[in-house]
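Topology and contacts: notes
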Amino acid sequence: MALEVQRYEQLPSYSVEHHGAILEPLIWSAEEKDADQPFMSSRSTSTYPIMPDGVRDGDPNADRHYMLVHGTRTLIAVADGCNWGMRPYNAAKAAISALGNYFIESDRISHIANVQEAGHYLLRAFSEAHNHIIKDKSDMWDAGTTTLLGCLILPLALSAGGPPPSPWGILCVSVGDCKAYRICAANKSVSEVTVGCRAGNLSDLTDPGGRLGPYLGHGAPDLRNLRLCFSPCEQNDLVMIVSDGVHDNFDPQTMGKTPKEAGYHDDVKWETLSHQDLIVLKQTFRNTLLSEVIFSQTSPASSSSSSSSSTSTLPSTSSTPSSTSSHAILYDINPDIVTERILRHCLETTRTSREWMEAHPGKRQPPDYRAYPGKMDHTTCVTYRVGHNHAPDQQANLVIPSPTTTTTQPSGLPIPGPTTEILTL
């Protein structure tokens, strides 16, 4: 079960396993690039409609993501710029850059001694991220705002306090409404690490609960829901980090379900439920649906083939199990398969809304989740397999899609292009 605290001193004091003979510097990092590797997969796209002028609503995509793999220690971050335009885009980009640089500077990621110290580093990195957003602005209010989730995946070691509850730990710091999930390989279940990250009204999708950048008096950030979350995990589990463009499309309310259809014992309206009942009901529904989508036996390539919408051609990746896949299927479920199935669900859930908006440009979509389920948004998913040392002799050349080589579907959703670049380590 995940632990949620507000101070790093409240985290468990488990020691972090030393690198040992692994002395290499930065092993692998990817900033703002979609990638598929045997140990990780990342995708960031948009489910907004393409308008008659050929421009997609909501561009540029204000979701940014980052991954740093250093020996057995991994840092993953997702930022979601608040609102549309260049200000939130630049805020998210600045936050991601500052967080990553904080752990690269002085090789901090390799010097983490225990979980509490890791939490302290993450909080310091968030402070750097906020400062970087407003840096060099003659008027700080010209800067945008962004949510941010930073996640460290660390090997745990025997310490004076005794053995840790598991060989690995997931530590997250979050402000806003991005979420982290543990996908358990042993029992094919999904559990949320960042429980209750969206503060206040859980039905108000316009309020992320918190954000970095100038928002309160004197340009202070909104830290209402700043939290540290820790969860033990096992070798070969998957960690999935998503923006709200993903998890809002696993929300029973935005999917047009009634509370009873979502598993509540009485036939009531959403607005009558208590805050705690909303948290439990929505979390349980999301975790169950995520598990069903991720561990579905249906090939991703076969779903929605009969759709006549502009999303009938979905992003093509290597996730479909086949002898021609770029990676062999090594486990029951691989990161690229997870990412593919999650994004496909989001695209299909929002399909009727997107079609309506494309057919009625300039008009407001009817507020009916039953007829128009889901929430169109910038949509990011990063999935990572726990427990592998991706050392240079194992991953000498990592092939990642070139960020400059993309094609576009009729719906404006990016498809990784055929050209690749080699990142030599």
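Predicted model, so just to flag it, every value in this text is computed and none were measured.

1. What about the packing of helix α4 (residues 275-294) against helix α5 (residues 335-349)?
At a minimum axis separation of 9 Å, α4 and α5 run at an interaxial angle of 120°. The two elements α4 and α5 cross, and the hand of that crossing is right-handed. Counting all contacts with α4, which are made through Leu 289, Leu 290, Val 293 and Ile 294, the residues of α5 involved are Val 338, Arg 341, Ile 342 and His 345. Taken together, the residues of the contact of α4 with α5 break down into six nonpolar, one polar and one charged.

2. Here's the deal with the pairing of strand β9 (residues 168-175)
Burial runs high along β9: eight of the eight residues are buried. Both faces of β9 are covered, namely the face carrying Trp 168, Ile 170, Cys 172 and Ser 174 and the face carrying Gly 169, Leu 171, Val 173 and Val 175. Where strand β8 (residues 146-157) meets β9, eight bridges bridge the pair, whose relative direction is antiparallel. Within β9, the position partnered with Cys 151 by the bridge is Cys 172. For β9 and strand β12 (residues 227-233), the ladder comprises seven bridges, and the chain directions are antiparallel. Bridge pairing in β12 places Ser 174 opposite Arg 227.

3. Some details on the confidence of the model for the protein
Low pLDDT marks regions whose predicted coordinates should not be analysed in detail. Mean pLDDT over the protein stands at 82; residues scoring 70 or higher make up 77%. Low confidence marks residues 298-330, where pLDDT is under 50. Its contacts with residues over four positions away, or in another chain, come to 59 contacts. In the model, residues 391-425 has pLDDT below 50 throughout and makes 83 contacts with residues more than four positions away in sequence or in other chains.

Basis of the calculations
- Residues numbered from 1 in each chain as written.
- Predicted model: local features only at pLDDT ≥ 70, side-chain atom pairs only at ≥ 80, totals over all residues.
- Heavy atoms only, no water.
- Axes fitted to C-alpha atoms, helices over the stretch in contact; angles between N-to-C directions.
- Helix = DSSP H or I, 4+ residues; strand = E, 2+ residues; numbered from the N terminus.
- Left-handed = near helix turned anticlockwise from the far one by under 90°.
- Contact = heavy atoms within 4.5 Å.
- Nonpolar A, V, L, I, M, F, W, Y, C, P; charged D, E, K, R; others polar.
- Buried < 20%, exposed > 50% of the residue type's maximum accessible area, 1.4 Å probe, protein only.
- Pairing = 2+ DSSP bridges.
- pLDDT = per-residue confidence, 0-100.

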